[in-house]
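The chain contents come next:
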Amino acid sequence: MTDLSTAAPDRVTFTTPFAHRLRFTDDVFAADRGALVDVLEPSGGLAPRVQFWLDGHLAARPGAVAAVHDFLAGCGDRVRPAGVFVAAGGEAVKNDWGHVERVLRAIHDADLDRRSYVVVAGGGAVLDAVGFAAATAHRGIRLVRLPTTTLSQADSGVGVKNAVNRFGKKNWLGTFAVPWAVINDTALLGSLPDRDFVAGFSEAVKVALLKSPAGFDRLCRDAPRIRRREMAAALPAIRASAELHRAHITRGGDPFEALEARPLDYGHWSAHRLEAVTDFALRHGEAVSIGVAVDTVYSSLVHGLPAADAGRVLHALRELGLPLDHPAVHDTAALFAGLEEFRQHLGGRLTLTMLRGVGDPVEVHEVDLAAMAEAIRRVGQVARGAGCGVAGCGCAGGAA
Ligand SMILES: NC(=O)c1ccc[n+]([C@@H]2O[C@H](COP(=O)([O-])OP(=O)(O)OC[C@H]3O[C@@H](n4cnc5c(N)ncnc54)[C@H](O)[C@@H]3O)[C@@H](O)[C@H]2O)c1
Ligand SMILES: [Zn+2]
């Protein structure tokens, strides 16, 4: 591990402050316009230049593009518009370099500079691809993220990474870049299909398991309401997850992942692999649900997580309407190749996070593959209706 705590005459350590702005709002393009306008700072006495990029599936919703134009018109001379563009929605935008090139060209053609703003409204994939272009043009243009999926509001939108997929590998090409601001707008979630709405809560379960036993209890309690899209239950879960995520980044001591451990990637070694081998038929959040389920049962087999807690995790994921299983997870030879890919991405020793208890993560450097295969088998059984062991669950074998 690199030791940054000490300085020597030939080696000087330094720190530099970053700010991370995170706002929660409703209807940022109309009633709550100020939430966005207020973070766009004038430069050299001139109004800020602002270029918008919208997720293609968000833009398809009637009135979505017009709402951005209305927003800009309503800003009067407080901003200088530099175009409103639409990017392909979903993982496609990360798989084809042509999409990144288009964003770079639009930034170039509009003469944006380091004091200009790229505002991107979209799911995690569009945030990643447009964010990558913004981070590399002029070595960094200010990026304002408006995440439009539950996953990106709860998790990736708050983060400091961006990436596109290259050489058949997910997120192989990207940068660390702190967003200028992140604005989580409830209104933008309205047009999300049910499948994508529930998908994001696997990340909320993940972060609660790592950092917040009380948050995990709330998710267990509220899972059926979240699945029904009751916003009174869904929004606090999104907010708690986003805030825990931000606290990890801003106070966890390793925002740019220089250390071996990446605790927020609980359940992700298999999730990334599952996305790739299913050719992205599985959403990231769905793959994370399966990955979290598998690593949770593995944690109960190998690292002392109480079996009852593992059962509660599977139960909660299922109550949220998330998948626990997929045929691809049973091709263990192909899946286990994901462990090596995960290690290579980070360098150094393989380091995974597992659970000794809820809110009690542990770093491990070895995986007992036989136990992992057994965990996959058990999760598959529960997915097919075997009991998860939770009292009152009602599934076969439940203790009700
Ligand atoms: N940078 C990071 O730290 C980080 C962390 C986790 C995940 N990610 C990445 O995020 C991506 C997954 O993000 P996601 O789960 O948001 O999926 P996504 O971006 O693929 O969006 C899911 C689908 O919903 C559509 N969509 C988005 N907003 C919509 C809206 N409001 N109305 C209607 N449709 C809408 C999208 O076009 C897409 O088809 C993956 O590429 C993953 O690697 C990045
Ligand atoms: Zn994730």
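Residues numbered from 1 in each chain as written. Chains lettered and ligands numbered in written order. Predicted model: local features only at pLDDT ≥ 70, side-chain atom pairs only at ≥ 80, totals over all residues.

S.K.: Which parts of the structure should I look at to understand the overall build of the chain?
M.R.: In terms of regular secondary structure, the chain is built from 16 helices and 10 strands. A compact globule built from 400 residues would reach a C-alpha radius of gyration of about 21 Å, and the chain, at 21 Å, matches this within 12%. By its C-alpha atoms, the chain is 65 × 60 × 35 Å across when sized along the principal axes. Restricting to contacts in the chain with at least 6 residues of sequence separation, those with at least 24 account for 74%. (Helix = DSSP H or I, 4+ residues; strand = E, 2+ residues; numbered from the N terminus. Rg over C-alpha atoms; globule rule 2.2 N^0.38 Å. Contact = placed C-beta atoms within 7 Å.)

S.K.: What is the right way to look at helix H6 (residues 124-136) in this model?
M.R.: Working note: α-helix, 3.6 residues per turn, so residues spaced by three or four point in the same direction. Here H6 spans 18 Å end to end across 13 residues, near enough to the 18 Å set by a 1.5 Å rise per residue. For H6, a buried count of 12 out of 13 residues is recorded, marking the element as mostly surrounded by other parts of the structure. (Expected span 1.5 Å × (residues − 1). Buried ≥ 20, exposed ≤ 12 C-beta atoms within 10 Å, placed from the backbone.)

S.K.: Mind showing me how you'd approach the domain arrangement of the chain here?
M.R.: Interfaces are frequently sized by the accessible area removed from exposure as the parts join. The domain boundaries assigned to the chain delineate domain 1 (21-189) and domain 2 (197-383). Listed as interface residues are 18 residues of domain 1 and, on the opposing side, 24 residues of domain 2. If you tally residues by element for the side of domain 1 that touches domain 2, the top one is helix H7 (residues 150-154), at four residues. A per-class count over the side of domain 1 that touches domain 2 returns seven nonpolar, seven polar and four charged. (Domains from an automatic or database assignment. Nonpolar A, V, L, I, M, F, W, Y, C, P; charged D, E, K, R; others polar.)

S.K.: How should the packing of helix H5 (residues 97-109) against H6 be read in this particular structure?
M.R.: When two helices pack together, their arrangement is captured by the angle between the axes and the distance separating the axes. Between H5 and H6, the shortest axis-to-axis distance is 9 Å and the interhelical angle comes to 45°. By the angle between their axes, H5 is oblique relative to H6. Like other packed secondary-structure pairs, H5 and H6 cross with a definite hand, here right-handed. Contacts between H5 and H6 pair His99, Val100, Val103, Leu104 and Ile107 from the former with Ala129, Val130, Phe132 and Ala133 from the latter. Considered class by class, the residues forming the contact of H5 with H6 number eight nonpolar, one polar and no charged. (Axes fitted to C-alpha atoms, helices over the stretch in contact; angles between N-to-C directions. Parallel < 35°, antiparallel > 145°, perpendicular 65-115°, else oblique. Left-handed = near helix turned anticlockwise from the far one by under 90°.)

S.K.: Teacher, can you tell me more about helix H14 (residues 307-319) here?
M.R.: With 13 residues, H14 extends 18 Å from end C-alpha to end C-alpha; this agrees with the ideal 18 Å at 1.5 Å per step. Counting buried positions along H14 gives 10 out of 13 residues, so the element sits mostly inside the fold. Those residues of H14 hidden inside the fold are in contact with helix H9 (201-211), helix H10 (213-227), helix H13 (284-302) and helix H16 (369-383). Within two residues after H14, glycine 321 carries a phi angle of roughly 90°, on the positive side.

S.K.: I'm lost on the sheet that holds strand E1 (residues 21-25) in this one. Help?
M.R.: Across a sheet, paired strands are connected by hydrogen bonds in the backbone, their directions being either parallel or antiparallel. What the six strands build is an open sheet, ordered E1-E8-E5-E4-E2-E3; its pairing is parallel. With one partner strand each, in any of the chains shown, E1 and strand E3 (80-87) form the two edges of the open sheet. This sheet shows a mean twist of 15° between the axes of neighbouring strands, independent of strand direction. Looking at chain direction, strand E4 (residues 117-122) and strand E5 (residues 142-147) are connected through six bridges and run parallel. What sits directly across from alanine 121, in E5, is leucine 146. Against the sheet, H5 touches strand E2 (49-55), E3 and E4, its axis set at about 170° to E3. (Pairing = 2+ DSSP bridges.)

S.K.: Explain the site of ligand 1 to me, please; I cannot follow it from the model alone.
M.R.: In the vicinity of ligand 1 there are 33 residues, among which His57, Gly89, Gly123, Gly124 and Ser156 approach most closely. Within the residue set of the shell around ligand 1, elements represented by two or more residues are helix H2 (56-59), H6, H7, strand E6 (161-166), helix H8 (194-199) and H13. Residues of the shell around ligand 1, tallied by class, amount to seven nonpolar, 17 polar and nine charged. (Near = placed C-beta within 6 Å.)

S.K.: For this particular structure, what's the right way to read the environment of arginine 229?
M.R.: Position of arginine 229 among the secondary structure elements: in the loop between H10 and helix H11 (231-251). With 32 residues separating them along the chain, arginine 229 and phenylalanine 197 place their C-alpha atoms 7.8 Å apart.

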